[in-house]
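For reference, the chains in residue letters:
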Amino acid sequence: MRANKTAFFNLGLSGGAGNGIMVDLHPLSRGSVNIQVSDPFWSEPVVDYRALSNPLDAAVMTEMMRFTRRFYFNNTANSMYDPREMSPGSRVQTDEDFAEYLSNTLSPTEYHPVGTCAMMPKDLGGVVDERLRVYGVKNLRVVDASIMPTLPSGNTCQTVYAVAEKVRGKMFEIESSLFC
C-alpha cells in the first residue's frame, strides 16, 4: 500500500451531507453465501458478509478516513470552501474511535463483494475453472462478479462486462462449432 502502485481506496462523491462513500478495494475479511437449508428452493441464500472480521480492514479504513480528512482540511485548494466534517465528526480521533464508528456505520456492500464462486483450482477453494465451468456440474458456467477471486482495483461492473464480452465471444465459437 505504501508503494503507491495499487489502488486501495475509492471515494465516491455524492454531494450530500455525507459527501461520499469510501470503499476499501482490497478487504481481507471473507464472508460466505449458503443455501437456506430449511427451504432451499424458495428462499433467498444466506449471506454473511463478515465485514470487518479481519482487524486489518478496520486499520486500513481508518487510514482511508484520516487521508480523506487531510485531503479536505489540509489542502489549500479547499480552504476557500470552508469544509466541515459531518461524519464521523471531530470527536472521532483514535484508532478505537474509528473502529467503533466503522462497526456502527459500515455497509458491507460497499466492499463490492466478489469471489463466492472463485475461479481458481478446486483444491484451493475454487468453484469454477479457467473456462468458468463449475467443478463437478455438467453444462453449468458462472459469468458474474462471483468468479473473481479478489477485488479488482476498480469498478466491479466494468470488470464483469469485460468477462461477459470474453465469454460471449467464446460461446459463439463453441456454438458455431457444434453446428458445423
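Description of the structure in this document. Computed from a prediction, not measured in an experiment: that's the story for all the values here.

Conventions and cut-offs
- Residue indices follow the written sequence of each chain, beginning from 1 at its first position.
- It should be noted that, the model being predicted, local features are given only for residues of pLDDT at least 70 and side-chain atom pairs only at 80 or more, the latter also being counted only at that level, while totals for whole chains, interfaces and linings use all residues.
- The basis for every side-chain value is the complete set of non-hydrogen atoms in the structure, without hydrogens or water.
- Per the convention used, a helix needs a DSSP run of H or I reaching at least four residues, while a strand needs a run of E reaching at least two, with both numbered from the N terminus.
- Classification of residues uses two cut-offs on accessible area relative to the type maximum, computed with a 1.4 Å probe and protein chains only: under 20% is buried, over 50% is exposed, and between them is partly exposed.
- It only takes one pair of heavy atoms within 4.5 Å for two residues to be counted as in contact.
- Here, Shrake-Rupley sampling with a 1.4 Å probe gives the accessible areas, and only protein chains in the shown set may cover a residue.
- By definition, a salt bridge exists where a carboxyl oxygen of Asp or Glu is found within 4 Å of a side-chain nitrogen of Lys or Arg.
- Residues qualify for a patch when their relative accessible area is over 30% and they have no salt bridge, like charges being joined within 9 Å and the nonpolar side chains of Val, Leu, Ile, Met, Phe, Trp and Tyr within 5 Å.
- Only rings of Phe, Tyr and Trp enter the pairing, Trp through its six-membered ring, and a pair is recorded when the two centres are within 6.5 Å. The plane angle decides the type: under 30 degrees is stacked, over 60 is edge-to-face, the rest tilted.
- Arc, as used here, means the arc of the directions from the helix axis to the C-beta atoms.
- Among the buried residues, those of types Ala, Val, Leu, Ile, Met, Phe, Trp, Tyr and Cys that are joined through side-chain atoms within 4.5 Å form a nonpolar core.

### Things to note about the overall build of the chain
Stage number 1. The helix and strand inventory of the chain stands at three helices and four strands.
Stage number 2. The burial tally for the chain puts 21% of its 180 residues in the buried class.
Stage number 3. Restricting to contacts in the chain with at least 6 residues of sequence separation, those with at least 24 account for 49%.
Stage number 4. Roughly 12,700 Å² of accessible area belongs to the chain as shown, and the carbon and sulfur atoms make up 56% of that amount.

### Some remarks on unusual backbone geometry
Stage number 1. A cis amide bond links S87 to the next residue, P88, at an omega of 10 degrees.
Stage number 2. Note that P88 resides in the loop between α1 (55–73) and α2 (95–105).
Stage number 3. In this model, L132 sits at a positive phi of 65 degrees, which is unusual for a non-glycine residue.
Stage number 4. Mapped onto the elements, L132 comes out in the loop between α2 and α3 (156–178).
Stage number 5. Judged by relative accessible area, L132 falls into the buried class, the value being 5%.
Stage number 6. With a phi angle near 60 degrees, N139 is a residue other than glycine that sits in the positive phi range.

### Some points on the pattern of salt bridges
Stage number 1. Taken as a whole and assessed by the stated rule, the structure comprises five salt bridges.
Stage number 2. The salt bridge involving R69 is made with E85; its shortest N-O contact spans 2.8 Å. Residue R69 is found in helix α1, and its partner E85 is found in the loop between α1 and α2; the two are separated by 16 residues along the sequence.
Stage number 3. Note on R69: relative accessible area 14%, which makes it buried.
Stage number 4. Relative accessible area serves as the criterion here: at 25%, E85 is assigned to the partly exposed category.

### Section: the environment of T109
Stage number 1. Here T109 shows up in the loop between α2 and α3.
Stage number 2. It is 8.1 Å that separates the C-alpha atoms of T109 and Y49, two residues lying 60 residues apart in sequence.

### Details of a nonpolar patch on the surface
Stage number 1. A cluster of nonpolar side chains, V33, V47 and Y49, forms an exposed patch at the surface whose accessible area comes to about 230 Å².
Stage number 2. Within the element layout of this structure, Y49 appears in the loop between β4 (46–48) and α1.
Stage number 3. Y49 gets classed as partly exposed once you look at its relative accessible area, which sits at 34%.

### Details of the packing of aromatic side chains
Stage number 1. The tally for this structure, following the rule as stated, stands at two aromatic pairs.
Stage number 2. When the ring of F9 is compared with that of F67, the centres are 5.9 Å apart and the planes differ by 85 degrees; the resulting orientation is edge-to-face. Here F9, found in strand β1 (residues 9–12), pairs with F67, found in helix α1; they are 58 residues apart in sequence, far enough to count as distant.
Stage number 3. Given the relative accessible area of 42%, F67 is considered partly exposed.
Stage number 4. Aromatic side chains F71 and Y72 sit 5.2 Å apart centroid to centroid with 75 degrees between the ring planes, which places their arrangement in the edge-to-face category.
Stage number 5. With relative accessibility at 40%, the residue F71 sits in the partly exposed group.

### What about α2?
Stage number 1. Those residues of α2 not exposed but buried are F98, Y101 and L102. Axial view of α2: buried residues confined to an arc of 100 degrees, hence all on one face. When the buried face of α2 is taken as reference, the exposed residues oriented beyond 90 degrees from it are E96, E100, S103 and N104.

### Here's the deal with the nonpolar core
Soluble globular proteins tend to bury their nonpolar side chains together.
Stage number 1. Core analysis: the biggest nonpolar cluster contains 11 residues, these being M22, A58, V60, M61, M64, M65, V92, F98, Y101, L102 and L106.
Stage number 2. Elements that contribute at least two residues to this core include exactly α1 and α2.
Stage number 3. With five residues, the single largest contributor to this core is α1.
Stage number 4. Listed in part, the six residues of the second largest apolar core include V128, V134, V142 and I147.

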